[in-house]
Amino acid sequence: MNEEMKRFVEIDVDTIEEKPLTDIQKQKIRKNARTKKAPNRTWKKFVTAAVVSLVALSGSLYALPTIASQLPFVENILEKIDPNFVPKNYVALATIINQVESSNGIDIMIENAVYDGTTLMVAYAIHSDKDLGEQPLTDTMFDIKGATAATGASSLEKSADGLYRGIIKMTPTFNKHLDVLKIKWQPEKITNPDTNETFEGDWSFAFTMDTLPGKLEHLKITSTNDKAKIQINKVNYTDLSTVIHYEYNIDPAIMKKQPLSSIHFVKAIDNHGNEYEIHDNGGAISENGHGFDWSFALYNLSEDVTTITLTAEIYYVSQSGKITSDMRELLEPITVELNR
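No experiment lies behind these values; they were computed from the predicted model shown.

### Here's the deal with unusual backbone geometry
A positive phi angle is found at Asp-293, which is not glycine, with a value near 60°. Turning to its location among the elements, Asp-293 is positioned in strand E21 (residues 290-298). Look at Asp-293 and you get partly exposed, because its relative accessible area is 42%. Within the chain, Asn-300 stands out as a residue other than glycine whose phi angle is a positive 60°. As for its position among the elements, Asn-300 is in the loop between E21 and strand E22 (307-315). Under the relative-accessibility criterion, Asn-300 is labelled partly exposed at 35%.

Laid out in structure tokens, this is it:
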């Protein structure tokens, strides 16, 4: 190992000064993040399969049951959602919102929501006799007071003609811990992605959300090789999820050749040999390969789980597009002791 590489792997990420992203650096946020122009805020967004855009907000509301009781789609939204996309105890822990907005022949309902201290999850539905396509897109993101940035993912399933049920996940970044979130959502148009036809309207929501009680454990578990260094910083335990926060450094020489490279955890196995799906919250990465504010969630861990072995993977990416198997490399597993 040469001296330059030795200095690289010996970097203590705690001593790295985080600086505001430049316009170029913002473009390197994973999964083609887009920025939303707003005073003193930088919004970054990435989406998973079954995409619906995340959305911004405020406005007048109809509360249940006066309007909702007359709408055919007011059912348990989660009955039609991929069970692997939300924790099993989501319904038991979620706060009932039950707000419906109707505009231009399109009804949008927020049924319930929950915030585990890292990610906000919102169950919602769309109903219309208009042709909105298989996966209609909204044009704005949730506006969460005090958030300086956010990543997000969503799942929207068409369950019948004109009826869609979905979950939006949004992971905001704050300068301090908040016990209560103040949330607004004000989409102004919905687009049929199959035809590019847009439907303008005036849907406005506003609600608050208490943070679930939990336990935060600070850690400093590192793993290094000649290409990267990963550090697990903390674990947030709640009855909804176990969220693991991490940061990393990728060799600057790699970033120079493949500037969209990043590191993601792809496998989690507990001390009983059970494997868990990883729900990636994303994060940000600087031009020199320092990834920060990254996290992922594990759902439905049983009480007798004491350790989790995690495997990360480097994605070597030079430009936006599909990531193929030859662009990935697994790193050595990391074992984390869980002190819940």
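Past the structure itself, the notes keep going.
### Describing the nonpolar core
With 32 residues, the main nonpolar core has Ile-232, Ile-263, Phe-265, Leu-298, Ile-308, Leu-310 and Val-336 as its most contacted residues. For this core, the secondary structure elements donating two or more residues are strand E16 (228-238), strand E17 (242-250), helix H4 (252-257), strand E18 (262-270), E21, E22 and strand E24 (334-337). Sort the elements by how many residues they give to this core and E16 lands first, with five residues. Listed in part, the 31 residues of the second largest apolar core include Ile-97, Ile-106, Leu-178 and Phe-205.

Analysis parameters
Residues numbered from 1 in each chain as written. Predicted model: local features only at pLDDT ≥ 70, side-chain atom pairs only at ≥ 80, totals over all residues. Heavy atoms only, no water. Helix = DSSP H or I, 4+ residues; strand = E, 2+ residues; numbered from the N terminus. Buried < 20%, exposed > 50% of the residue type's maximum accessible area, 1.4 Å probe, protein only. Core = buried A, V, L, I, M, F, W, Y, C linked by side-chain atoms within 4.5 Å.

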